[in-house]
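# Results of the structural survey
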Amino acid sequence: MTDATLWRKNLERLGLELPSVAAPAGAYIPAVRSGSLVYTSGQLPFVGGELSATGKAGAEVSLADAKEAAKLCALNALAAIDALVGLDNVVRIVKVVGFVASAPGFNDQPLVINGASEFLGEVFGDAGVHARSAVGVFELPKNTPVEVELIVEVR
């Protein structure tokens, strides 16, 4: 079984499939390849065209819901990668950058972005272990609580 076959089976085991790529909300593209790296634009937690949650982590959005939103952002980023180069060509996840719209005093951004990191580990195993940044911000587009971007090495 190839890594890519295993990765798709892991998505199935998790009860997930890659969604359609979300249409850009501005003057950018969902993902771009430069050499052996693919950089995704920041992905929001869209499910069927709707945000899974809105508001700030630590206020309107619970830690658990924000963590789930981060997972959905990562799933949407994988869809952008798949549309550009095919999931079969992923060698490893290099870096995750996560932004968390945070209520005053909320400082569990790393726990929120663990939703993306743990999900990528479940899908890619050792190839999903990555460098990461988890940044608290005051506002994010469309009042989403989380935005995630990936840098991925590809064949």
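## Considerations on the nonpolar core
The tendency in soluble globular proteins is for nonpolar side chains to be buried side by side. Counting residues in hydrophobic clusters, the biggest one holds 40 residues, and the most contacted among them are Leu78, Phe119, Leu120, Phe124, Val146 and Leu150. Residue assignment for this core shows that the elements contributing at least two residues are helix 1 (3-13), helix 2 (63-85), strand 5 (90-101), helix 3 (109-124) and strand 7 (146-154). Of all the elements, helix 2 adds the most residues to this core, at 12 residues.

## A few points about the environment of asparagine 143
Structurally, asparagine 143 is set in the loop between strand 6 (131-137) and strand 7. Given the relative accessible area of 36%, asparagine 143 is considered partly exposed. Each C-alpha atom of the pair asparagine 143 and leucine 51 lies 9.2 Å from the other, and the pair is 92 residues apart in sequence. Residues in contact with asparagine 143, not counting those within four places in the same chain, are Thr54 and Gly55.

## Comments concerning the sheet that holds strand 7
One open sheet holds the 5 strands; their spatial order is 1-2-7-5-6, and the pairing between them is mixed. Strands with a single pairing partner mark the edges of an open sheet, and in this sheet they are strand 1 (31-34) and strand 6. Taking the axes of each pair of neighbouring strands and ignoring which way they run, one obtains an average angle of 15° across the sheet. On the sheet, helix 2 packs against strand 1, strand 2 (37-40), strand 5 and strand 7 and is oriented at approximately 40° with respect to strand 7.

## Some points on the pattern of salt bridges
In this structure the tally under the stated criterion is 4 salt bridges. One salt bridge connects arginine 8 with aspartate 82, and the closest N-O pair in it is separated by 2.9 Å. Within this pair, whereas arginine 8 is found in helix 1, its partner aspartate 82 is found in helix 2, the two being separated by 74 residues in sequence. Residue lysine 67 pairs with glutamate 118 through a salt bridge whose shortest N-O separation is 3.0 Å. With lysine 67 in helix 2 and glutamate 118 in helix 3, the pair connects residues that are 51 residues apart, well separated along the chain. Overall, the relative accessible area of 42% leaves glutamate 118 in the partly exposed class. Several salt bridges share partner residues, and in doing so they unite Arg8, Asp82 and Asp88 into one network.

Cut-off values and rules
What you see as residue numbers is a count from 1 along each chain, following the sequence as written. Only residues with pLDDT of at least 70 are given local features in this predicted model, and only at 80 or more are side-chain atom pairs given and counted; all residues enter the totals for whole chains, interfaces and linings. By convention in this description, side-chain values take in all heavy atoms of the structure and omit both hydrogens and water. Joining through side-chain atoms within 4.5 Å is the link that ties buried Ala, Val, Leu, Ile, Met, Phe, Trp, Tyr and Cys residues into a set, and such a set is a nonpolar core. Residue exposure (1.4 Å probe, protein chains only): buried if accessible area is under 20% of the type maximum, exposed if over 50%, otherwise partly exposed. The helix count covers DSSP runs of H or I at least four residues long, the strand count covers runs of E at least two residues long, and both are numbered beginning at the N terminus. A contact between two residues is defined here by any heavy atoms of the two lying within 4.5 Å. The pairing criterion is simple: DSSP has to find at least two bridges between the two strands. All axes are obtained by fitting lines to C-alpha atoms, using only the stretch in contact for helices, and the reported angles, taken between N-to-C directions, cover 0 to 180 degrees. Here, a salt bridge means any side-chain nitrogen of Lys or Arg that lies within 4 Å of a carboxyl oxygen of Asp or Glu.

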